[in-house]
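Architecture at a glance
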Amino acid sequence: MSASSDPPPVVIAGAGIAGLTAALALARAGRPSIVLERAVHLEEIGAGIQLSPNASRILVELGLRDALAATAVEPAAIRIRDARTGADLVRLPLAEVAARHGAPYWVIHRGDLQAALLDAVRAEPRIDLRLGAYIEGAVDAGDRVEVDVFFGERRGMVRGAALVGADGVWSKTRVAVLGGEPARYSGRTAWRAVLPVEAVEGLRIEDLTGATSLWLGRRAHLVTYPIRGGRLLNIIAAVDGDWVEQRWDTVGDPSDLKAAFADWPGVIRDLLAKPQSWRKWALFAVAGAPFARGRVALIGDAAHAMLPFVAQGGAMAVEDAAVIARHLADPSRPVPDRLAAYASERRGRTAKVAGAAATNARVYHLDGLAAGARNAAMRLMGPSRMLARMDWIWGWRDR
Ligand SMILES: Cc1cc2nc3c(=O)[nH]c(=O)nc-3n(C[C@H](O)[C@H](O)[C@H](O)COP(=O)(O)OP(=O)(O)OC[C@H]3O[C@@H](n4cnc5c(N)ncnc54)[C@H](O)[C@@H]3O)c2cc1C
């Protein structure tokens, strides 16, 4: 319930990382919001997410430090490894990253992140979270937006000062309201699984549960890190190749994964054989979306879904949320100007980060001589130059 002196609410489509963070950031700035989420129950997929300092700083400033730190892990390092030998190409000490940027580098179960955000949202009187609310479209009526919503079978209208489309890669707000393009399949697939750490104890892989490891091999790469207070190991295996179904998320057949990693070393194949079940995700990207028009704007994957190969899609959603809340809370300008200012601040940065992810997609999957040259370059660069190369991403601050 909003306080009666509050300005009209901002309507937010979607209660993912982007939508929940935006609602919280708006509330902290004194702005009410109505969050409309199509899911009847909010539950996250059983997988992890890396929260680099550019994102964790914002979440900490929103008051989530204790809730997140209770289950997040701060691994000792990110180890970029040659998959053939397991040896480090470069080892990035994460305590140094946290000190350098003044915020932790967390890895966390998505369910734990969602629970922390949801608890904070539910404790905020300025946020009205409505589940089972599917946004069908919206009209910019000049002095307000009118959002067309299905609450189950019942159709209704929700009015607000602005509509923030945080409705993910398949965003209705982007396509139906702003006339943007559908997401495009990247030609890559990510396989995800989670294991209790006891299940990997017998494997002869150094530091599997204490660090984030990025294993570079032929036409594929693998990422592993501990989550849920170190009790679970998160595994992501990214492979090239067209997946004709092009569906977003489905149960994967482990024999397909086995074939993709057939020429990888035995210890890695043993690791990949451990999970009972895998989910596979076709990786889609959104580029060139209209970030804002009139009283409607996009944030998170709705605006710029990107390949996960710099682990920044969620972090960009958190940054977007902070920036759009700052602009929307500024009463000195009309709402369309505030959203246009948000768009011009975010378009360039998110495109540059998406570009870095696309570059990594190529570099990580090199083969033969080119892979050898990449490995030599990484070794030569060493941790300090490698860390400095990440400053523009991890060191970002919202003024
Ligand atoms: C394999 C993989 C690994 C990744 N690893 C990382 C990482 O380590 N670090 C990182 O920062 N990012 C990572 N990402 C990216 C990150 O997961 C996403 O960028 C992030 O989750 C996007 O959040 P979002 O809130 O924008 O969208 P979503 O999480 O998709 O949320 C959108 C919400 O909108 C709702 N919705 C959709 N349509 C409607 C509608 N019409 N009406 C109402 N509600 C609607 C949906 O139900 C959903 O709740 C990874 C992605 C993948 C695929």
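Above this text sits the structure in question.
An account of the accompanying structure is given in this report. (Residues numbered from 1 in each chain as written. Predicted model: local features only at pLDDT ≥ 70, side-chain atom pairs only at ≥ 80, totals over all residues. Heavy atoms only, no water.)

**Side note on the side chain of Arg110**
- Of note, Arg110 is situated in helix α5 (residues 110–122).
- Put simply, Arg110 is tucked away with no salt bridge, and the nearest opposite charge, on Glu44, sits 4.7 Å away.
- A distance of 3.1 Å separates a polar side-chain atom of Arg110 from the backbone oxygen of Gly48.
- With residues near it in sequence (within four places) discarded, Arg110 still touches Glu44, Ile45, Ala47, Gly48, Ile49 and Arg192. (Helix = DSSP H or I, 4+ residues; strand = E, 2+ residues; numbered from the N terminus. Buried < 20%, exposed > 50% of the residue type's maximum accessible area, 1.4 Å probe, protein only. Lys, Arg positive; Asp, Glu negative; His and termini not counted. Salt bridge = Lys/Arg side-chain N within 4 Å of Asp/Glu carboxyl O. Polar contact = N/O pair within 3.5 Å; in protein donor to acceptor, adjacent residues only side chain to side chain. Contact = heavy atoms within 4.5 Å.)

**Things to note about the packing of aromatic side chains**
- All told, the structure shown has 6 aromatic pairs when counted by the stated rule.
- Ring centres 4.7 Å apart and planes at 65 degrees place the aromatic pair Trp170 and Phe284 in the edge-to-face group. Residue Trp170 is found in the loop between β11 (162–165) and α6 (172–177), and its partner Phe284 is found in strand β17 (residues 278–285); the two are separated by 114 residues along the sequence.
- Assessed through its relative accessible area of 7%, Phe284 is described here as buried.
- A network of ring pairs unites the aromatic residues Trp170, Tyr185 and Phe284 as a single cluster.
- A cation over a ring is seen here: Arg346 above Trp396, with NZ or CZ 5.3 Å from the ring centre. (Phe/Tyr/Trp six-rings, centres within 6.5 Å; stacked < 30°, edge-to-face > 60°. Lys NZ or Arg CZ within 6 Å of the ring centre and 35° of its normal.)

**Looking at the layout of surface pockets**
- Within this model, the second largest pocket holds a volume of roughly 440 Å³.
- Lining the second largest pocket are 26 residues; nearest its centre among them are Ala285, Val286, Ala287, Gly288 and Ala305.
- Secondary structure elements with two or more residues in the lining of the second largest pocket: β12 (184–196), α9 (301–304) and α11 (335–364).
- If you tally residues by element for the lining of the second largest pocket, the top one is α11, at 6 residues.
- Residue classes in the lining of the second largest pocket are distributed as 16 nonpolar, 6 polar and 4 charged. (1 Å grid on protein atoms, 1.4 Å probe; cavity = no way out; pocket = protein on both sides within 12 Å on 5 of 7 lines; lining within 4 Å. Points joined across faces, edges and corners; volume = space filled by probe spheres on them. Nonpolar A, V, L, I, M, F, W, Y, C, P; charged D, E, K, R; others polar.)

**Description of the environment of Leu118**
- Relative to the helices and strands, Leu118 is located in helix α5.
- A relative accessible area of 9% means that Leu118 is categorised as buried.
- Put simply, Leu118 and Gly16 are 102 residues apart on the chain and 9.8 Å apart in space, counted from C-alpha to C-alpha.
- The residues touching Leu118, leaving out its near neighbours within four places in the chain, are Leu20, Leu42 and Leu129.

**Remarks on the pairing of strand β10 (residues 154–160)**
- Note that strand β9 (residues 145–151) and β10 share 7 bridges and pair antiparallel. Residue pairing across strands places Val147 opposite Val158, the latter belonging to β10.
- Where β9 hands over to β10, the hairpin turn is made up of 2 residues, of which Gly152 adopts a positive phi near 65 degrees. (Pairing = 2+ DSSP bridges.)

**As for the site of the ligand**
- The immediate surroundings of the ligand are formed by 29 residues, with Glu37, Arg110, Asp301, Gly314 and Ala315 found nearest.
- For the ligand, an oxygen atom lies 2.9 Å from a polar atom in the backbone of Gln50.
- The contact in question runs from an oxygen atom of the ligand to an N or O atom on the backbone of Gly313, over 3.3 Å.
- Protein contacts shield 89% of the accessible area of the ligand, which totals 1000 Å² for the unbound molecule.
- Each residue belonging to the shell around the ligand can be placed in one class, and the counts come to 14 nonpolar, 8 polar and 7 charged. (Near = heavy atom within 4 Å. Areas by Shrake-Rupley, 256 points an atom, 1.4 Å probe, with all protein chains shown as cover.)

**What about the pattern of salt bridges?**
- Scanning all chains against the criterion turns up 23 salt bridges.
- Across the pair Arg84 and Asp82 runs a salt bridge, and its minimum N-O distance is 2.7 Å.
- Its relative accessible area of 64% is what places Arg84 among the exposed residues.
- Taking the relative accessible area as the measure of exposure, Asp82 reaches 4% and is therefore buried.
- Of the charged contacts in the structure, one is a salt bridge between Arg349 and Glu319, with a shortest N-O distance of 2.7 Å. In this pair, Arg349 sits in helix α11 while Glu319 sits in helix α10 (residues 313–328), placing the two residues 30 residues apart along the sequence.
- Classification of Glu319 by relative accessible area gives buried; the value is 0%.
- Where salt bridges share partners, they join Arg79, Asp88, Glu206 and Asp207 into one cluster.

**Things to note about the pairing of β9**
- Most of β9 sits inside the fold, with 5 of its 7 residues counted as buried.
- In this sheet, β9 lies alongside strand β8 (residues 133–140) in antiparallel orientation, the contact comprising 7 bridges. Paired with Asp140 across the two strands is Val145, which belongs to β9.
- The hairpin turn running from β8 into β9, its antiparallel successor, is 4 residues long, and Gly142 in that turn takes a positive phi close to 90 degrees.

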